[in-house]
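Below, each chain spelled out in residue letters.
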Amino acid sequence: MDVEWIEILKNEKGITLSLYFINYLRKISLDGSLSLVRKRRDSDTAVTYEWEMRNFSTQFNPQTPELENPKIQEDQKREHNTEEEEEEEEERSRCDWEFTHSTVVSSGTAGAATDTIGVIEFDPSDTLVVTGGIARKIRVYSVKTLLPEENHKHGEHHVRSLEHNNACDYYIYTPAKLSSLRWKPGSSDGILGAGDYDGVVTEYDLHRKIPIFERDEHGGRRVWSVDYSHWDPFVGASGSDDGTMQMWDSRCDATASIAKVRPSAGGRAAVCCVEFNPYGDPLVAVGCADRRAYGYDVRKMADPVLIFDGHQKPVAYVRFMDERMMVTSGTDGSLRLWSMDDGGLIRVYMGHVNTRNFVGLSVWRTGGLLGCGSENNHVFVYDKRWGDPVWVHGFGGGSRDGYDPNYVSSVCWRQSGEDGCTLVAGGSDGSLQVIVGKRRAF
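Quick caveat, the model's predicted, so the values are computed rather than measured. (Residues numbered from 1 in each chain as written. Predicted model: local features only at pLDDT ≥ 70, side-chain atom pairs only at ≥ 80, totals over all residues. Heavy atoms only, no water.)

J.: Would you mind going over the overall build of the protein with me for this structure?
T.: Across its full length, the protein carries 5 helices and 33 strands. Looking at the protein as a whole, 51% of its 442 residues are labelled buried. A sequence separation of at least 24 residues applies to 50% of the contacts in the protein between residues at least 6 apart. A total of about 21800 Å² of accessible surface is found on the protein, and carbon and sulfur atoms cover 46% of it. (Helix = DSSP H or I, 4+ residues; strand = E, 2+ residues; numbered from the N terminus. Buried < 20%, exposed > 50% of the residue type's maximum accessible area, 1.4 Å probe, protein only. Contact = heavy atoms within 4.5 Å. Areas by Shrake-Rupley, 256 points an atom, 1.4 Å probe, with all protein chains shown as cover.)

J.: How should the pairing of strand β30 (residues 389–394) be read in this particular structure?
T.: The side chains of a regular strand alternate between both faces of the sheet. As paired elements, strand β29 (residues 378–383) and β30 share 5 bridges and run antiparallel to each other. In the strand pairing of β30, Val381 is matched with Trp391. Between the end of β29 and the start of β30, which pair antiparallel, lie 5 residues. (Pairing = 2+ DSSP bridges.)

J.: Quick question: what am I supposed to make of the environment of Gly186 here?
T.: Mapped onto the elements, Gly186 comes out in the loop between β11 (178–183) and β12 (191–196). For the pair Gly186 and Asp232, spaced 46 residues apart in sequence, the C-alpha to C-alpha distance is 9.5 Å.

J.: What should I look at first to understand the nonpolar core in this one?
T.: Nonpolar side chains in soluble globular proteins tend to be buried together. Counting residues in each nonpolar core, the largest one holds 17 residues, and the members touching the most others are Met245, Met247, Val284, Tyr296 and Met301. Those elements that provide at least two residues to this core are β16 (235–240), β17 (245–249), β18 (259–261), β19 (271–276), β20 (283–288) and β21 (292–297). Once residues lying within four places of it in the same chain are set aside, the contact partners of Tyr296 are Val261, Pro263, Pro282, Leu283, Val284, Val286, Met301, Asp303, Pro304 and Val305. Grouped together as the second largest cluster of nonpolar side chains are 16 residues, Phe395, Val411, Trp413 and Cys421 included. (Core = buried A, V, L, I, M, F, W, Y, C linked by side-chain atoms within 4.5 Å.)

J.: Could you clarify how one ought to interpret the environment of Thr355 in this entry?
T.: Considering the arrangement of structural elements, one finds Thr355 in the loop between β26 (345–350) and β27 (361–364). A C-alpha to C-alpha distance of 7.9 Å links Thr355 and Glu375, two positions 20 residues apart in sequence. Side-chain polar atoms of Thr355 contact the side chain of Glu375, separated by 3.0 Å. (Polar contact = N/O pair within 3.5 Å; in protein donor to acceptor, adjacent residues only side chain to side chain.)

J.: Would you explain the side chain of Asn376 in this entry?
T.: Tracing the chain through its elements places Asn376 in the loop between β28 (369–372) and β29. Here Ser374 takes part through its side chain, which lies 2.6 Å from a polar atom of the side chain of Asn376.

J.: What is the right way to look at the sheet that holds β20 in this model?
T.: The strands that make up a sheet are held in pairs by hydrogen bonds between backbone atoms, and each pair lies either parallel or antiparallel. Within the open sheet, the 4 strands sit side by side as β19-β20-β21-β22. Their pairing is antiparallel. Strands at the two margins of the open sheet, each flanked by one partner only, are β19 and β22 (306–309). Going across the sheet, the axis of each strand differs from the next one's by a mean of 15 degrees, ignoring polarity. (Axes fitted to C-alpha atoms, helices over the stretch in contact; angles between N-to-C directions.)

J.: In this structure, what is going on with unusual backbone geometry? I would like to understand it.
T.: Trans is the common state for peptide bonds, and a negative phi is the common state for residues other than glycine. Its identity is not glycine, yet Lys209 carries a phi of approximately 60 degrees, on the positive side. Position of Lys209 among the secondary structure elements: in the loop between β13 (201–205) and β14 (210–215). A positive phi angle, close to 80 degrees, is found at Arg291, a residue other than glycine. Examined against the element boundaries, Arg291 turns out to sit in the loop between β20 and β21. Judged by relative accessible area, Arg291 falls into the partly exposed class, the value being 43%.

J.: I'm lost on the sheet that holds strand β25 (residues 334–339) in this one. Help?
T.: Pairing within the open sheet is antiparallel, and its 4 strands lie in the order β23-β24-β25-β26. Taken across any chain shown, the strands that pair with only one partner, and hence form the sheet edges, are β23 (315–320) and β26. Each neighbouring strand pair of the sheet contributes to a mean axis angle of 20 degrees, computed without reference to strand direction. Pairing of strand β24 (residues 325–330) with β25 involves 6 bridges; the strand directions are antiparallel. The residue of β25 that forms the bridge with Thr328 is Arg336.

J.: Would you explain the environment of Trp391 in this entry?
T.: Tracing the chain through its elements places Trp391 in strand β30. Not counting residues up to four positions away in its chain, the partners in contact with Trp391 are Phe99, Val379, Phe380, Val381 and Ile435.

J.: Where do I start with the packing of aromatic side chains in this structure?
T.: Applying the stated criterion across every chain, the model contains 13 aromatic pairs. Here Phe380 and Tyr382 contribute two aromatic rings whose centre-to-centre distance is 6.4 Å and whose plane-to-plane angle is 20 degrees, an arrangement assigned as stacked. When its relative accessible area of 0% is taken as the criterion, Tyr382 is described as buried. Pairwise contacts between aromatic rings join Tyr197, Trp224, Tyr317 and Phe358 into one cluster. (Phe/Tyr/Trp six-rings, centres within 6.5 Å; stacked < 30°, edge-to-face > 60°.)

J.: Help me understand the pairing of β28 in this model?
T.: Because side chains alternate across β28, one face comprises the buried residues Leu369 and Gly371, and the other comprises Leu370 and Cys372, equally buried. As defined by bridge partners, β27 adjoins β28 across 4 bridges and the pair is classed as antiparallel. If you follow Ser362 over to β28, its bridge partner there is Gly371. Here β27 hands over to β28 after 4 residues, with Gly368 in that stretch at a positive phi of 65 degrees. As judged from the 4 bridges shared by β28 and β29, these two strands associate in the antiparallel manner. Looking across to β29, one finds that Cys372 is bridged to Phe380.

See the structure below:
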């Protein structure tokens, strides 16, 4: 017999019950019919306990606990059928997509740890892929090079192996390590914004292969993220180790910001990610090292209009899933789907390993898929409808349940297509891998 339960019933409720009845209460609480609820009164700090009935008839006989209530049996049967239907639907969703490994691009050099890929981006036309990272260069690839015509012989699929020197169309050297890349919306000239470890935001003209704009208002502190608004492509934002998210206009003086916010209490927690709403609403999302994500209305930046609170460690990424939902990634090893209507949590995705590094987060909005890396050197794909991964792919020989010397450090979905998808993932060893998916026909 649990002594704590007897003491609660005596002291808090002011009654003494027989051991038989207490045992009976304890028995039915185990099957979910009755639960002990801990409540705190607003008037003081005292704690009270109340019994809460769950699907239990008020006409019960403590002396005959073995009797089953017909209503309970009916409810349990209905719940069981519902669970089976949900399991069948989940299994069906897991078969919606068939993924195959298409291409591997390796560095082909020793000391590949100095070539960690920190960011991958498709251009707006989905014809180019750019990467950046520790190597201090922007590599530009043609999608046609990374995605050649499928080579099937007698039903076998062959993975194509390339090296960066051969696969890369061209590259641009940068003065510092890169943490973020983002294409400027509506730019036919191929303008790419970059944030670096020296705290500088630079715009590059990829056609001319030169920098055309530079600003340094983060005091030399590392810039983790850069993005552009979709309602005015000249307006951008950057998040930094200095604890600020700053908005700026590339047409204006590089020494002045349009707006500056410090999301965390005290303003000291690093801003790890910034993303504007891609659907045109005046909302910008910020992921912060204080374990929260924030949503700001750019028309009034004094206070956030939304606060997403639930991660146990820093929020490394924020991505808009659609017009009403947003996804965050934290170094607590979880992705979280949120409602932008009220900031409420919708779903938690777990399975990948992430405790200290940036492992990437990307969403394919058309297909409702999420992709992320992992510190056990695997790529994980989630369907937004289910909390468990629907597909996992290993980069090397690491264990899915353990750690690997290398890890998947960045991912990016190609946004075009409906029945086919492409995910490009980069590793801490400098390798680049291309995964293609096709929707199954039922």
